[in-house]
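These are the residues of each chain, in order.
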Amino acid sequence: MNDENNEIQPASAAVDVSGGGLDPKVVRMGTAPVGKLLLEFGIPAIVSVVLNGLYNIIDSIFLGRAMGTVGLAATQVAMPVMTIALAIAVIAGNGGNSLCAILLGEGKKDDAELCLGNSVFIIFIECIIIALIAAFFLDPILILMGATDVTLAPSRIFVQIILYGFIFNNFAYGINNYIRTAGAPYIALFTMVIGTVVCIALNALFVLEWGWGVVGSASATVIGQAVSAVWVLWYFCLKKDVPFRLRARNLKPRAAMCKRIIALGMAPFLLQVAAAITQVLSNVLIAQFGALDPIGTDGALASVGVVVKIAMFAFFPLIVLVLTMYRAPMDALEVIGTVRRNYVSFANVLILITRILAILTPALLMAHEIVFNLFLWVFSFGMPVFVAFI
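Residues numbered from 1 in each chain as written. Predicted model: local features only at pLDDT ≥ 70, side-chain atom pairs only at ≥ 80, totals over all residues. Heavy atoms only, no water.

Trainee: Talk me through the overall build of the chain; I want residue IDs and the actual numbers.
Mentor: In terms of regular secondary structure, the chain is built from 13 helices and zero strands. Helices and strands appear in the chain in the N-to-C order α-α-α-α-α-α-α-α-α-α-α-α-α. Looking at the chain residue by residue over its 390 residues, the buried ones come to 54%. Taking the contacts inside the chain whose residues are at least 6 apart along the sequence as the reference set, 82% of them involve residues at least 24 apart. (Helix = DSSP H or I, 4+ residues; strand = E, 2+ residues; numbered from the N terminus. Buried < 20%, exposed > 50% of the residue type's maximum accessible area, 1.4 Å probe, protein only. Contact = heavy atoms within 4.5 Å.)

Trainee: An account of the packing of aromatic side chains is needed here, citing residue identities and associated values.
Mentor: Under the definition given, this model contains nine aromatic pairs. An aromatic cluster is defined as three or more aromatic residues linked by ring pairs; in this entry it consists of Phe190, Trp231 and Trp234. (Phe/Tyr/Trp six-rings, centres within 6.5 Å; stacked < 30°, edge-to-face > 60°.)

Trainee: Residue-level account of a nonpolar patch on the surface, with values.
Mentor: Together, Ile125, Ile128, Ile129, Leu132, Phe136 and Phe137 give the surface a local cluster of nonpolar side chains, amounting to about 620 Å² of exposed area. Counting through the fold element by element, Ile125 comes out in helix 4 (residues 109-136). Looking at Ile125, the relative accessible area reads 39%, which means it is partly exposed. (Patch = residues over 30% accessible without salt bridge, like charges linked within 9 Å, V, L, I, M, F, W, Y side chains within 5 Å. Areas by Shrake-Rupley, 256 points an atom, 1.4 Å probe, with all protein chains shown as cover. Salt bridge = Lys/Arg side-chain N within 4 Å of Asp/Glu carboxyl O.)

Trainee: Account for the pattern of salt bridges, with residues named and values stated.
Mentor: Taken as a whole and assessed by the stated rule, the structure comprises three salt bridges. A salt bridge links Glu113 to Arg247; the nearest nitrogen and oxygen atoms lie 2.9 Å apart. With Glu113 in helix 4 and Arg247 in the loop between helix 9 (213-237) and helix 10 (255-290), this pair connects stretches of sequence that are 134 residues apart. Using a relative accessible area of 2% as the deciding quantity, one classes Glu113 as buried.

Trainee: Which residues make up the environment of Ile43, and what values do they have?
Mentor: Within the fold, Ile43 resides in helix 2 (residues 34-67). Relative accessible area serves as the criterion here: at 39%, Ile43 is assigned to the partly exposed category. Through-space distance from the C-alpha of Ile43 to that of Pro185 is 9.0 Å; in sequence the pair is 142 residues apart.

Trainee: Any chance you could break down the nonpolar core for me, citing the residues and the numbers?
Mentor: Counting 74 residues, the largest nonpolar core has Leu163, Ile175 and Phe236 as its most contacted members. Setting aside residues up to four positions removed in sequence, Ile175 forms contacts with Leu116, Val120, Ile123, Asn170, Val232 and Phe236. (Core = buried A, V, L, I, M, F, W, Y, C linked by side-chain atoms within 4.5 Å.)

Trainee: Describe the side chain of Asn118, listing the residues and the values that go with them.
Mentor: Examined against the element boundaries, Asn118 turns out to sit in helix 4. Leave out the neighbours within four places in its chain, and Asn118 touches Asn250, Lys252, Pro253, Arg254, Met257, Cys258 and Ile261.

Trainee: Describe unusual backbone geometry, naming the residues involved and giving the relevant values.
Mentor: Even without a glycine there, the phi angle at Asp241 is positive, about 60 degrees. Its place among the elements puts Asp241 in the loop between helix 9 and helix 10. For Asp241, a relative accessible area of 65% gives the class exposed.

Trainee: Just give me the short version of the environment of Ile129, but keep the residues and values in it.
Mentor: Note on placement: Ile129 falls in helix 4. Residue class for Ile129 comes out partly exposed when judged on its relative accessible area of 45%.

Trainee: A description of helix 3 (residues 69-105) should follow, citing residues and the corresponding values.
Mentor: Between the first and last C-alpha of helix 3 there are 50 Å, a value that for 37 residues agrees with the 54 Å anticipated at 1.5 Å per step. The largest bend in helix 3 amounts to roughly 40 degrees and is located at Val90. Summarising burial for helix 3: 32 of the 37 residues are buried, a large majority. Following helix 3 by one or two positions, Gly107 has its phi on the positive side, about 80 degrees. (Expected span 1.5 Å × (residues − 1). Bend = angle between axes of the 7 residues up to and from the residue.)

Trainee: With reference to specific residues and values, describe helix 10.
Mentor: If you check helix 10, its first and last C-alpha atoms are 49 Å apart, about what 36 residues at 1.5 Å a residue would give, namely 52 Å. At Met266, helix 10 shows its strongest bend, of approximately 40 degrees, with the proline Pro268 following within four residues.

Trainee: Break down the confidence of the model for the chain for me, citing the residues and quoting the values.
Mentor: Overall, the predicted model of the chain reaches an average pLDDT of 77, with 68% of residues at or above 70. Mean pLDDT across the elements of the chain bottoms out in helix 13 (residues 369-388) (45) and peaks in helix 9 (95). Here residues 325-330 is a poorly scored stretch, pLDDT under 50, and it has 20 contacts once near neighbours within four places are set aside; other chains count. Here residues 363-390 is modelled with pLDDT under 50, and outside its nearest four sequence neighbours on either side it reaches 42 contacts, counting other chains as well. (pLDDT = per-residue confidence, 0-100.)

Trainee: Requested: an account of the environment of Ala101, with residues and values cited.
Mentor: Structurally, Ala101 can be placed in helix 3. Since its relative accessible area comes to 17%, Ala101 is described here as buried. The spacing of Ala101 and Ala182 is 81 residues in sequence and 8.5 Å in space, taken between C-alpha atoms.

Trainee: Would you mind going over the side chain of Ser60 in detail, with residue names and values included?
Mentor: The residue Ser60 is located in helix 2 in this model. Among the polar contacts made by the side chain of Ser60, one reaches the side chain of Thr75 at a distance of 3.1 Å. (Polar contact = N/O pair within 3.5 Å; in protein donor to acceptor, adjacent residues only side chain to side chain.)

Trainee: Lay out the packing of helix 8 (residues 185-209) against helix 9 in plain terms, naming residues and giving numbers.
Mentor: Where helix 8 contacts helix 9, the axes come no closer than 8 Å and their chain directions differ by 155 degrees. It follows from the interaxial angle that helix 8 and helix 9 lie roughly antiparallel. When you trace helix 8 past helix 9, the crossing you get is right-handed. Residue classes in the contact of helix 8 with helix 9 are distributed as 15 nonpolar, ten polar and no charged. (Axes fitted to C-alpha atoms, helices over the stretch in contact; angles between N-to-C directions. Parallel < 35°, antiparallel > 145°, perpendicular 65-115°, else oblique. Left-handed = near helix turned anticlockwise from the far one by under 90°. Nonpolar A, V, L, I, M, F, W, Y, C, P; charged D, E, K, R; others polar.)

Written as structure tokens, this is what we have:
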């Protein structure tokens, strides 16, 4: 990359947000009422994030049925590794998407396309790093995450397959965000739905029918994400009348653009890293004290893993509702007020959903009902307090 790239020159003149040369689907994100945008973009975004989170839960359900405690424990050990991998993915996915929205708001369509292309370049670099980690450093990492002699081998196989196919997750989830920025939230949602459906169908086939175990479950996840990635690429490369496209010439990295993408992506990256550290500490404590319980370390990991996966559903909406508002250049106080008014009802409904899930899935809860109920009640009372301080 040359020194001339240290400054990003506007590739297209800025236009007025009321019209100009921008696509109407983009313009309305700066002019439409906040409440309408929240419903139109927030709900599909929430569902998309939940569907992305479902991959690990789906794997847990099928592996739990096919392999019992060992299958559930393996997915729990793998979760911090997957969170760290997601943290790396959001650098380009969230950082680039935020910058793309800013550039579109300024009327710089060509720069927005350059941002998309450079985000894809960063994703390729990230995937190479992830693949090297999966090939050479995975065992000590999994042991640190709480893997035992029993769960190390299945955890290694599961995580390696997922990480080798990580590029599909980057496109299916990270670049998927750009579709919402292009003003097509329901197309973005569809790309996630079809991948999740494929994952469920293939898990049933590979794990339950053919008995492939962790290999089948991980393969089903990667194939499902690959199907979603194909739809994302179709939208930006082949679909007509899109506000901006993925072009081969924009895959060439430009230093200034990459720096801006990474800078905007560092905040969500660090949040994901913090979540991964919490998961690691949790696994270590579970392994330490679970060994003292009759169900053992693997049983404890499996039990707590199920509880955590159910509780994740209630935390997703808050994150997405806030991130959704980045797509519209509107008054910050107006956004905060809208989020506060709407999320309280969202939180209460989702707390009810977690309790219904607990009733309908007793087979997944394993033992330790007291631990689960204590966690659920703390969560139920803590969520409204958490919302109040946002």
